[in-house]
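# Coordinate inspection notes
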Amino acid sequence: MSVAAHDGLREQVVAWRRWLHQHPELGFQERETARYVEAQLREMPGLHLSRPTETSVLAVLRGGAGPGKTVLLRADMDALPIEEEAEVEFRSQHPGVMHACGHDGHTAMLLGAAKVLSEGAATLRGEVRFIFQHAEEVFPGGAQQLVDAGVMDGVDLAVGTHLMSSVPVGTVVLRDGPLMAAPDAFDITIQGKGGHGAMPHQTVDPVVIAAQVVMAFQTAVSRLRDPIDPGVVSVTQIHGGSAHNVIPDTVTLGGTVRTFSEELRSQMPGRLETLLRGVCEAYGATYTFRYHTGYRPVNNDPATTERLRQVVRDVLPGVTLSDGVPLMGGEDFSAYLTRSPGTFVLIGAGNEAQGITAPHHHPRFMIDEAALEHGVQLYAGAARALTAG
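Residues numbered from 1 in each chain as written. Predicted model: local features only at pLDDT ≥ 70, side-chain atom pairs only at ≥ 80, totals over all residues. Heavy atoms only, no water.

Okay, the overall build of the protein next. Within the protein one finds eight helices and 16 strands. The C-alpha extent of the protein, read off along each of the three principal axes, is 80 × 45 × 40 Å. Considering the protein as a whole, with its 389 residues, one finds that 53% of them fall into the buried category. Sequence separation of at least 24 residues holds for 79% of the intrachain contacts in the protein that already meet a minimum separation of 6. (Helix = DSSP H or I, 4+ residues; strand = E, 2+ residues; numbered from the N terminus. Buried < 20%, exposed > 50% of the residue type's maximum accessible area, 1.4 Å probe, protein only. Contact = heavy atoms within 4.5 Å.)

Quick look at the structure:
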């Protein structure tokens, strides 16, 4: 049963998405969201529901057409600590929290697929697991918690999706191999010797040293890395000082490192600390350096990706298929891929003509809701194709 053949499902999916958009919750706090999702699932036939963690929901559907593969479909549910500026009637009702990354759409799309598949379970083979995941935005992430809780036990293939405002609605991106980077982070404190701004020779100025460190870190990717091995180092925070005429004792810095290959990823902490140590020693300062390993890279399974390309051709014949390019953003969907092959799909949700162009994590982020139907069709088509073996 398709979305087009299901009376009122388009409107229902939009309504689900808008309710979720109005009631956003941060990672590990999605209690109301999880209750709402569970309530919708209880209205659908044949689903076996459980709560692997306090704020996640798992629905299991066993097909009635005989044995087949077990396929996991994933949607994330958490929002971001951003004050919404989008002028829509269904804007966030929770001050300082909004769905600025499309997770409300992901959840609504997976609910739609669950409805389509559960009502057509007699012709479905194998087993489908619908995981409504908490805390994608908050490291260590909900995906690893769910893997540890056993949701991937016995799963043959995993599929996830992400709505993209940077991709025009009507386009689906399916890429073999590396798609999303490993998002690591660092925190640094530079300890100098403060003093009067008029007498810098009597100080060890951590502000000047921090500026040198920021510039030195750029060589970690421009001169110490193979140019064909993607990598990004961004210093995104600098804090120090409290007066115009006082050189402070300390400055703190923070930032992110993005890589695809495990070899480069393992090298980056040492390379950055070597640069940091050299600059600090040259100026007579000391430092502390803390490196935080984040999610793994997302690497799409080529065989699964090719099968999903055919699914898109079959169920979304008017949609444009694109290989896209690897993205330096991170995604904890990678945790599921440690247990089975799988593919992460990007679904176009931008619409320049309608002014839907704000990037992800922006206070005016929005999606073209026409993309929701594409997501439902893709989830449901993927489940039917992949469970069939």
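The strand order across the open sheet built from four strands is 10-12-8-13, with neighbouring strands paired in antiparallel fashion. Every other strand in the sheet has two partners, leaving strand 10 (231–239) and strand 13 (286–292) as the edge strands with one partner each. Each adjacent strand pair in this sheet contributes to an overall mean axis angle of 20°, direction not counted. Relative to strand 13, strand 8 (residues 182–191) is paired through seven bridges, and the arrangement is antiparallel. Paired with T189 across the bridge in strand 13 is T288. On top of the sheet, helix 5 (residues 206–222) reaches strand 8, strand 10 and strand 12 (250–259); it is set at about 170° to strand 10, its chief contact. Seen against the sheet, helix 6 (residues 262–283) touches strand 8, strand 10, strand 12 and strand 13 and runs at an angle of roughly 165° to strand 13. (Pairing = 2+ DSSP bridges. Axes fitted to C-alpha atoms, helices over the stretch in contact; angles between N-to-C directions.)

Another aspect to go through is the UniProt feature "domain: Peptidase M20 dimerisation" (unreviewed entry) in the protein. As annotated in UniProt, the feature "domain: Peptidase M20 dimerisation" (unreviewed entry) corresponds to residues 186–276 in the numbering used here. Taken as a whole, residues 186–276 contains 35% helix and 32% strand, while its terminal C-alpha atoms sit 12 Å from one another. (UniProt positions renumbered as here; feature names shortened; annotations may be inferred.)

For the pair helix 7 (residues 302–315) and helix 8 (residues 370–387), interaxial distance at closest approach is 9 Å and the crossing angle is 120°. When the axes of helix 7 and helix 8 are compared, the pair comes out oblique. Considering how the two elements wind past one another, helix 7 and helix 8 form a crossing that is right-handed. Along the contact surface, helix 7 presents T304, R307, L308, V311, V312 and V315, while helix 8 presents Q377, L378, G381, A382, A385 and L386. Split by residue class, the contact of helix 7 with helix 8 holds eight nonpolar, three polar and one charged. (Parallel < 35°, antiparallel > 145°, perpendicular 65-115°, else oblique. Left-handed = near helix turned anticlockwise from the far one by under 90°. Nonpolar A, V, L, I, M, F, W, Y, C, P; charged D, E, K, R; others polar.)

With that settled, consider the UniProt feature "binding site: Mn(2+)" (unreviewed entry) in the protein. As recorded in UniProt, the feature "binding site: Mn(2+)" (unreviewed entry) lies at C101, H103, E137, H162 and H361. In summary, the annotated positions, though distributed over 261 residues, converge in three dimensions, the widest C-alpha pair being only 13.5 Å. Within the annotated group just given, the residues that line the largest pocket are C101, E137, H162 and H361. Structurally, the position occupied by H103 is in helix 3 (residues 103–119). (1 Å grid on protein atoms, 1.4 Å probe; cavity = no way out; pocket = protein on both sides within 12 Å on 5 of 7 lines; lining within 4 Å.)

Relative to the helices and strands, L9 is located in helix 1 (residues 9–22). Of the residues examined, L9 reaches a relative accessible area of 0% and is grouped as buried. Taking the C-alpha atoms as reference points, L9 and V376, separated by 367 residues in sequence, lie 9.8 Å from one another.

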